[in-house]
Amino acid sequence: MGRDRYRGPVANSVETTETPAPEPADGGPNRSHPLALAPVSSPPVSVDGFVREFLRELNFGQGVALSASTVNDQYLALARTVRHYLMARWLETMRRQKETQAKGVAYLSAEYLLGRQLGNALLATDLTDIVADGLAQCGIDIADLRAQEVEPGLGNGGLGRLAACFVDSLATMSVPCIGYGIRYEFGIFRQTFVDGRQVEQPDSWLALGAPWEFPHPDSAQEVSFGGHTETYTDSDGAERTRWVPAWTVQAVPYNYMVPGYQNGRVNTLRLWRSVATERFDLRIFNSGDYEEAVRSQTFAENISKVLYPEDSTPQGKELRLQQQYFFVAASIADFLEDVLPEDFDLTKLPERIIFQLNDTHPVIAVPELMRVLVDEKGLAWDTAWEITKGCFAYTCHTLLPEALEVWSVELLGRLLPRHLEIIYRINEEFLEEVRERFGDDELRIRRMSIIAEHPERSVRMAYLATVAGSKVNGVAELHSQLLRDKVLPDFNEFYPGKFTNVTNGITPRRFVRLANPGLSELITESIGVGWLTDLERLRELEPFAADEEFRARFREVKAANKRRLHAVLTERDGVSVSDGHMLDVMVKRLHEYKRQTLKVLHIITQYNRVVSGEVAAADLTPRTFIFGAKAAPGYKMAKDIIHLINAVGSTVNNDERLEGRLKVIFPPNYNVTLAEKVIPAADLSEQISLAGKEASGTGNMKFALNGALTIGTDDGANVEIRQLVGDENFFLFGMLEPEVEALQAAGYVPSSYYESNPELRRAIDAIASGVFSGGDRHMFDSVVGNLLQEDRFLALADYAAYIEAQDKVDAAYADQEEWTRAAILNVARSGFFSSDRSMRDYIDRIWHTPPAF
Ligand code: 26V
């Protein structure tokens, strides 16, 4: 399959080219040709040099003259030109990695929410100004080309964006990393609203061209499914097992550059696409059954067709398990066969690689590595298990019990029969160890078994990951503690030292430097360069909080960011951001535990205060509320809440009694691109999940680093944000996690809060009486009924505290000098939340992968 690789000298300095090797006798490519050995050169770094390269790409790559080119032609040509500037670094990174075989990370993630690539590539190469100048000479505004890029939305939310931040940080810190994942043809759906209700459209992110990817169909891996297993005796007389699969697909790798920030390193993200195997197809084609052959092709290509848009409730869908196995099997084979040298001693594998499991989605990699080592490489089970345990670590991203993945034994056995056998054996040996330690404590055995018996026999993927992983981490202090104490306490007792915390982080390159150039410039002017790769240096901004002139400039940056957002939203959705308003923002997936309804109740409360005459409109702090949220297409309550938000918005926005002092904006299709415009403009960050439910949150960090103040519960990373920025610079409200538990244990009755709090009652009554639905009293029955009867996430119990905190926000905002001081301190004290720091924690405590060069 064209797998032969270049096997000539590895050095590619010009000196080695003085005595060129002779032409190969067979007339094949002369791989020792001096020009082939010379380092790939970057295009000249000058405006003229850039223009030449750009026009060459436009003419020869895109096949159009400048005068005839569309914006998309220009964007594609620009993207390809910019990637030329990264190419030499990429090839050099690969060459050195091959040479040194330094230990690296293989990040296994079903999702990467990358965001647009162009701006990041320009930043990494420090070419932004040259390119802008060169394009201007061609009569092109770089902003128009940036706007042309469709972001690859290959993730749902926090977990996918985290993966993207992590690979950025590893490249910037010169740590060897290969990110493995799936090249979905359709990423997260495009959200539109029809009469205020969410309607999903396919995300055709590839339709206009994909200039950042490098397909390598010749390096495809085969991935098999189904069939049965057989035992046989090998030539040494040993009893062995082989898997006889029923069908096979090809996994084609698509490589993406992951450039470090101006450090000469470019790591690789390798996403797999499924296509039908030639062999399989040909057999059927030759048998004359054309239709069946086409069907099988479609079937194979389905695997990487679409990202599952659920982000909390696993549906146990067969295609999803196929996706999971597809990408990890391809990745492990790729690593063992194509990345490692041929003669590699597999017992040394843990010294060379750590496979990081991003949640349970890739956990089927554990039995897959065992299968490869035992069945294919012929290692003894115990040897293979020792290797496997040294090669995996597991990150858990949730606390919701319903989000913990399980796969029915029936499905797993049908799709991956050999893997099920391996899981059974791992479980058997694990439970044996548990028995040795605790005796025949059957209750404990049942609790800890990787195989659950009820409601149907199934495999608990989090348990499998915990047993196999060298470390298990949560994503914020509180989350990790709850993971140890509440979710996996038996395992914590059984494996002392295995559990650890790594608090999440975000990349300051994208979320400060690119998203907020105004603030970045102000920071650099004040504390100098260097903070972007050493974010704790933001501490040096602290004294500036007391400087009136600095505060004025900081406010001007915020105001400019609001104007920029206004321009974006006007162009995108035809809505305007009112001047002089506080910008109060809640952007995240729509989920009941995140409590968007609480935010809605606050808006309605303010509305009612004016409409009832209790508060004069003129006395309201002018606020614009911005929501951004996608609901999983099958999550009815989440979609009903979206409908409610839009309905409240249109009522509030059109009620003249408010004199324009409250405004609700809900731009559809919130994504990374929009986040980069919304977050820098925000004054107030809404982080109001029920305590104990949000594992970490990462939006919360982005807001703090961009100078918004947080109103939040004691949940996830909010806890650490508040500790760092100081109580006085954070609006804390709501029950603490133990109080939540106590209330639930005592029997929570939401209606009692409704009965006893007149303002809450009035807000809910307004929904129920049709104020926001043109008099229709039933439009929002589901939401109202749910709040009054169930309210699983205790929104009503936290309502009073929330409103009180919001009133404090209004009072605080009235003093702009004090507010600005607090905002500056939020920036100065949030350097901890750089994903560079997260990476350092993983490296020191879990991976042991030092920087390579
Ligand atoms: C979970 C599932 C469950 C099975 C069905 C499909 C599916 C797809 C994605 C996910 C991931 C949801 C988990 C997630 O995104 N967790 C978030 O991770 C963030 C990064 O650690 C963290 O900040 C958020 O608090 C956490 O909700």
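Parameters at a glance
Residues numbered from 1 in each chain as written. Predicted model: local features only at pLDDT ≥ 70, side-chain atom pairs only at ≥ 80, totals over all residues. Heavy atoms only, no water. Axes fitted to C-alpha atoms, helices over the stretch in contact; angles between N-to-C directions. Helix = DSSP H or I, 4+ residues; strand = E, 2+ residues; numbered from the N terminus. Parallel < 35°, antiparallel > 145°, perpendicular 65-115°, else oblique. Contact = heavy atoms within 4.5 Å. Nonpolar A, V, L, I, M, F, W, Y, C, P; charged D, E, K, R; others polar. Buried < 20%, exposed > 50% of the residue type's maximum accessible area, 1.4 Å probe, protein only. Near = heavy atom within 4 Å. Polar contact = N/O pair within 3.5 Å; in protein donor to acceptor, adjacent residues only side chain to side chain. Pairing = 2+ DSSP bridges. Domains from an automatic or database assignment. Arc of directions from axis to C-beta. Phe/Tyr/Trp six-rings, centres within 6.5 Å; stacked < 30°, edge-to-face > 60°. Lys NZ or Arg CZ within 6 Å of the ring centre and 35° of its normal. Core = buried A, V, L, I, M, F, W, Y, C linked by side-chain atoms within 4.5 Å. UniProt positions renumbered as here; feature names shortened; annotations may be inferred.

> Can you explain the packing of helix α7 (residues 158–172) against helix α34 (residues 835–847)? Please cite residues and give values.
Here α7 crosses α34 at 80 degrees, and the two axes come no closer than 9 Å. Classified by the angle between their axes, α7 and α34 sit roughly perpendicular to one another. Contacts from Cys 165, Phe 166, Ser 169 and Leu 170 of α7 reach α34 at Ser 835, Asp 836, Ser 838, Met 839, Tyr 842, Ile 843 and Trp 847. Looking at the contact of α7 with α34 residue by residue, the class counts come to seven nonpolar, three polar and one charged.

> Explain the environment of Leu 644 to me, and be specific about the residues and the numbers.
Inspection of the secondary structure puts Leu 644 in helix α24 (residues 636–654). The class for Leu 644 is buried, based on a relative accessible area of 1%. Taking the C-alpha atoms as reference points, Leu 644 and Thr 597, 47 residues apart in sequence, are found 8.8 Å from one another. In contact with Leu 644, not counting residues within four places along its chain, are Val 600, Ile 767, Phe 780 and Val 783.

> Talk me through the site of the ligand; I want residue IDs and the actual numbers.
Lining the immediate environment of the ligand, one finds 18 residues, of which Glu 310, His 397, Asn 504, Glu 694 and Gly 697 sit closest. The separation between an oxygen atom of the ligand and a polar side-chain atom of Glu 694 is 2.6 Å. The element best represented in the shell around the ligand is α7, accounting for three residues. When the residues that make up the shell around the ligand are grouped by side-chain class, the tally is six nonpolar, seven polar and five charged.

> Lay out the environment of Thr 624 in plain terms, naming residues and giving numbers.
Checked against the element boundaries, Thr 624 lands in strand β21 (residues 623–628). The class of Thr 624 is buried, set by a relative accessible area of 0%. Sequence separation between Thr 624 and Val 577 is 47 residues; the distance between their C-alpha atoms is 7.1 Å. Filtering out sequence-adjacent residues up to four positions away, Thr 624 remains in contact with Ser 578, His 581, Met 582, Leu 583, Asp 584, Lys 663 and Ile 665.

> So what's going on with the sheet that holds strand β22 (residues 662–665)? Residues and values would help.
As a general point, the strands of a sheet are linked pairwise by backbone hydrogen bonds and lie either parallel or antiparallel. The parallel open sheet is built from six strands, whose spatial order is β22-β21-β20-β23-β24-β25. In the strand order of this sheet, the two ends are held by β22 and β25 (731–732), each with one partner. By the bridge criterion, four bridges tie strand β23 (residues 684–687) to strand β24 (residues 709–712) in an arrangement that is parallel. Bridging across to β24, Ser 685 finds its partner in Thr 710. Across the sheet, helix α33 (residues 816–828) is in contact with β23, β24 and β25; its angle to β24 comes to roughly 85 degrees.

> Just give me the short version of the domain arrangement of the protein, but keep the residues and values in it.
Here the protein is partitioned into domain 1 (11–100 + 124–148), domain 2 (177–339), domain 3 (342–501) and domain 4 (526–839). If you average the C-alpha positions of domain 1 and of domain 4, the two centres end up 45 Å apart.

> Which residues make up the side chain of Asp 836, and what are the values?
The residue Asp 836 is located in helix α34 in this model. Residue classification places Asp 836 among the buried positions, given a relative accessible area of 4%. At 2.6 Å, the side chain of Asp 836 and the side chain of Ser 169 are in polar contact. Beyond its immediate sequence surroundings of up to four residues, Asp 836 is in contact with Ser 169, Met 173, Arg 509, Leu 532 and Thr 533.

> Help me get a handle on the pairing of strand β4 (residues 177–182), residues and values and all.
The buried count for β4 comes to six of six residues, which makes it a mostly enclosed element. Side chains Cys 177, Gly 179 and Gly 181 of β4 all project onto a buried face; the interleaved residues Ile 178, Tyr 180 and Ile 182 project onto the opposite face, where all are buried too. Pairing of strand β1 (residues 104–108) with β4 involves four bridges; the strand directions are parallel. Within β4, the position partnered with Tyr 107 by the bridge is Gly 179. Relative to strand β12 (residues 266–276), β4 is paired through five bridges, and the arrangement is parallel. Pairing of Ile 182 across the sheet is with Trp 272, part of β12.

> Which residues make up helix α28 (residues 737–746), and what are the values?
For α28, the set of buried residues is Glu 737, Val 740 and Leu 743. Down the axis, α28 shows its buried residues gathered within 125 degrees of arc, on one side only. Those residues of α28 that are exposed and angled more than 90 degrees off the buried face are Pro 738, Ala 745 and Ala 746. Buried residues along α28 sit against α18 (477–487), α29 (750–756) and α32 (795–814). Immediately downstream of α28, the backbone of Gly 747 shows phi near 100 degrees, a positive value.

> Hey, could you go over the packing of aromatic side chains for me, with residue numbers and the actual values?
In this structure the tally under the stated criterion is 29 aromatic pairs. With a centroid separation of 5.2 Å and 85 degrees between ring planes, the pair formed by Phe 832 and Phe 833 is classed as edge-to-face. Residue class for Phe 833 comes out buried when judged on its relative accessible area of 0%. Here the aromatic residues Phe 430, Phe 438, Tyr 463, Phe 491, Phe 494 and Tyr 495 are joined through ring pairs into a cluster of three or more. Sitting over the face of the ring of Phe 832, Arg 837 holds its NZ or CZ atom 3.9 Å from the ring centroid.

> Go over the nonpolar core with me, naming the residues and quoting the values.
Within the largest apolar cluster, 149 residues are counted, with the highest numbers of intra-cluster contacts made by Phe 225 and Leu 349. Excluding residues within four positions of it along the chain, Leu 349 makes contact with Phe 335, Leu 336, Leu 340, Phe 344, Leu 369, Ile 387 and Cys 391.

> Summarise the UniProt feature "modified residue: N6-(pyridoxal phosphate)lysine" (unreviewed entry) in the protein; cite the residues concerned and give the values.
In the UniProt entry, the feature "modified residue: N6-(pyridoxal phosphate)lysine" (unreviewed entry) is given for Lys 702. Tracing the chain through its elements places Lys 702 in helix α26 (residues 699–705). Owing to a relative accessible area of 8%, Lys 702 belongs among the buried residues under this scheme. In contact with Lys 702, not counting residues within four places along its chain, are Arg 161, Ile 506, Phe 511 and Ile 679.

> Please provide a residue-by-residue account of the environment of Ser 41, values included.
Along the chain, Ser 41 turns up in the loop between α1 (34–37) and α2 (47–61). With relative accessibility at 60%, the residue Ser 41 sits in the exposed group. Counting along the chain gives 44 residues from Ser 41 to Tyr 85, while the straight-line C-alpha distance between them is 8.5 Å.

> Account for unusual backbone geometry, with residues named and values stated.
With an omega of -5 degrees, the peptide bond between His 454 and Pro 455 qualifies as cis. Mapped onto the secondary structure, Pro 455 falls in the loop between β16 (451–452) and β17 (458–460). One non-glycine residue with positive phi stands out, namely Asp 359, at about 70 degrees. Structurally, Asp 359 is set in the loop between β13 (353–358) and α12 (365–376). Given a relative accessible area of 6%, Asp 359 falls into the buried group. Of note, Asp 791 is a non-glycine position whose phi angle comes to about 45 degrees, a positive value. Looking at the element boundaries, Asp 791 is found in the loop between α31 (781–789) and α32. By relative accessible area, which is 4% here, Asp 791 ends up buried.

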